[in-house]
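Structure assessment
What follows is the residue order along each chain.
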Protein chains: 2
Amino acid sequence: MTSVPHISDAEWEVMKVLWAKTPCTANEVIEALADQTDWKPKTIRTLLNRLALKQAISYSQENKVYAYFPLVSEDECVKSETTSFLKRIYGGAFKPLLVNFLKEDHLSQEDIQELKNILDDKTK
Amino acid sequence: MTSVPHISDAEWEVMKVLWAKTPCTANEVIEALADQTDWKPKTIRTLLNRLALKQAISYSQENKVYAYFPLVSEDECVKSETTSFLKRIYGGAFKPLLVNFLKEDHLSQEDIQELKNILDDKTK
DNA sequence: GTGAATGTATTACAGCTGTAATCCAAATAA
DNA sequence: TTATTTGGATTACAGCTGTAATACATTCAC
């Protein structure tokens, strides 16, 4: 089974666009990222190229213009990144992450209640 | 307020050693990492140097040999990495991460119960 | 048909990372 | 005292990343 290629920070933004709406032309990606970033169009084309090189995406040449689409799913990538992040920072254990987050008070009472509901479902 | 410098994967391993027992000589760090990694001593010295350069650690010259110690706390670093990870992958939201993890069945029933207890405490 | 625009391909370049090796000075052994 | 060892400082070098610019080819407007 093939593991997903490593996707860098900047590349990740491009992937999110393609995961949200696929396929996309380069220009569509550029437009989608215009609000969130200050990247020049050439920069985004470079990122598309690199993603194609590392086989995270591919493209077909529809009516003269490339239409890019992901080769790896968001779920796969999220899972892979999360796993390696947890391993790096928390030694692979998920609980300390939650504990840390609760300590930091990043969650509202509503969030906490919702998490409890999720956990309840899981215990059913 | 100063933010923590970015600590790379390999550097993180060194920091963990220093957080666990501080101060440490280079040789102590090298020995501590001998089981977990295949790194040559020179490699670890390089990492110590880089960490000192980016002011994540410093050292004092005790009896002819450097004794290294962290300048940033594990808590700070963990928090900073976690925040930027969440922002990158999950758009900053913590809940999807938990949901994802539960989906993947990475947690035992005991884990789930423990998380619920933590959340209960938080709600009290 | 020729110049301008547009999309694609190639090239650029510095900083960070992984992974060391080499050089040098001081201490130690002989 | 001289050769060896050892620790620290400097240098190496390629691959990845961020951030594009330039070169080239095709198409479109005149």
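Below, the structure is looked at part by part.

Scoring rules and cut-offs
- Residues numbered from 1 in each chain as written.
- Chains lettered and ligands numbered in written order.
- Predicted model: local features only at pLDDT ≥ 70, side-chain atom pairs only at ≥ 80, totals over all residues.
- Heavy atoms only, no water.
- Helix = DSSP H or I, 4+ residues; strand = E, 2+ residues; numbered from the N terminus.
- Rg over C-alpha atoms; globule rule 2.2 N^0.38 Å.
- Contact = heavy atoms within 4.5 Å.
- Lys, Arg positive; Asp, Glu negative; His and termini not counted.
- Charge placed at Lys NZ, Arg CZ, Asp CG, Glu CD.
- Near = heavy atom within 4 Å.
- Polar contact = N/O pair within 3.5 Å; in protein donor to acceptor, adjacent residues only side chain to side chain.
- Buried area = accessible area lost by both parts, 1.4 Å probe.
- Salt bridge = Lys/Arg side-chain N within 4 Å of Asp/Glu carboxyl O.
- Nonpolar A, V, L, I, M, F, W, Y, C, P; charged D, E, K, R; others polar.
- Phe/Tyr/Trp six-rings, centres within 6.5 Å; stacked < 30°, edge-to-face > 60°.
- Buried < 20%, exposed > 50% of the residue type's maximum accessible area, 1.4 Å probe, protein only.
- Lys NZ or Arg CZ within 6 Å of the ring centre and 35° of its normal.
- Pairing = 2+ DSSP bridges.
- Axes fitted to C-alpha atoms, helices over the stretch in contact; angles between N-to-C directions.
- Parallel < 35°, antiparallel > 145°, perpendicular 65-115°, else oblique.

Moving on, we come to the overall build of chain A. Broken down by element type, chain A carries six helices and three strands. Taken from the N to the C terminus, the helices and strands of chain A come in the order α-β-α-α-β-β-α-α-α. Rg of the C-alpha trace for chain A: 18 Å, well past the compact-globule value of 14 Å for 124 residues, more than 25% over. Oriented by its inertia axes, the alpha-carbon framework of chain A measures out at about 55 × 35 × 30 Å. Considering only contacts within chain A whose residues lie at least 6 apart along the sequence, 51% involve residues at least 24 apart. When the 16 basic and 19 acidic side-chain charges of chain A are each reduced to a single mean position, those positions are 7 Å apart.

Here we come to the protein's contact with DNA strand D. Around DNA strand D, a shell composed of 21 residues is seen, among which His6, Ser8, Thr43 and Thr46 of chain A together with Arg45 of chain B lie nearest. For DNA strand D, a phosphate oxygen lies 2.6 Å from a polar atom in the side chain of Ser8 of chain A. Between DNA strand D and Lys42 of chain B, the relevant distance is 2.8 Å, taken from a base oxygen to a side-chain nitrogen or oxygen of the residue. Elements with a minimum of two residues in the surface near DNA strand D: helix H1 (9–20) and helix H3 (41–53) of chain A together with helix H2 (26–33), helix H3 (41–53) and strand E3 (65–70) of chain B.

Quick look at the interface of chain A and chain B now. Every contact between the two is made by 39 residues of chain A and, on the other side, 39 residues of chain B. Carbon and sulfur atoms make up 66% of the surface buried where chain A meets chain B, a total of about 4,100 Å² over both sides. Summed over the three residues of chain A that lose the most area to chain B, namely Arg88, Phe94 and Leu119 of chain A, the buried surface amounts to 18% of that side. Here chain A is connected to chain B by ten salt bridges. The salt bridge involving Glu81 of chain B is made with Arg88 of chain A; its shortest N-O contact spans 2.7 Å. Here the side of chain A that touches chain B is built from residues that sort into 18 nonpolar, five polar and 16 charged.

Bringing the packing of aromatic side chains into the picture now. Inspection of the entire model under this criterion finds eleven aromatic pairs over all chains. Aromatic side chains Tyr66 of chain B and Tyr68 of chain B sit 6.2 Å apart centroid to centroid with 75 degrees between the ring planes, which places their arrangement in the edge-to-face category. Of the residues examined, Tyr68 of chain B reaches a relative accessible area of 9% and is grouped as buried. Each residue in the set Phe85 and Tyr90 of chain A together with Phe85 and Tyr90 of chain B is aromatic and connected to the rest through ring pairs, giving one cluster. Directly above the ring of Trp12 of chain A sits Arg88 of chain B, whose terminal nitrogen or CZ lies 5.5 Å from the centroid.

Time to look at the sheet that holds strand E2 (residues 57–62) of chain B. All names here are of chain B. The strand order across the open sheet built from three strands is E1-E3-E2, with neighbouring strands paired in antiparallel fashion. At either margin of the open sheet sits one strand with a lone partner, and together these are strand E1 (24–25) and E2. Pairing between E1 and E3: two bridges, direction antiparallel. Along E3, the bridge assignment pairs Cys24 with Tyr68. Helix H1 (residues 9–20) rests against E1, E2 and E3 of the sheet, and its axis sits at about 95 degrees to E3.

The next thing to look at is the packing of helix H4 (residues 74–90) of chain A against helix H5 (residues 95–103) of chain B. At a minimum axis distance of 11 Å, the contact between H4 of chain A and H5 of chain B shows a crossing angle of 95 degrees. The orientation of H4 of chain A with respect to H5 of chain B, classified from their angle, is roughly perpendicular. Facing H4 of chain A, whose interface residues are Asp75, Val78, Thr82 and Leu86 of chain A, H5 of chain B presents Leu97, Asn100, Phe101 and Lys103 of chain B. Residue classes in the contact of H4 of chain A with H5 of chain B are distributed as four nonpolar, two polar and two charged.

Attention now moves to the protein's contact with DNA strand C. Looking at DNA strand C, there are 20 residues lining it, with Arg45 of chain A together with His6, Ser8, Thr43 and Thr46 of chain B nearest. Atoms of DNA strand C within 4 Å of the protein: sugar and phosphate make up 56%, bases the balance. For DNA strand C, a phosphate oxygen lies 2.7 Å from a polar atom in the backbone of Tyr66 of chain A. The contact in question runs from a base oxygen of DNA strand C to an N or O atom on the side chain of Lys42 of chain B, over 2.9 Å.

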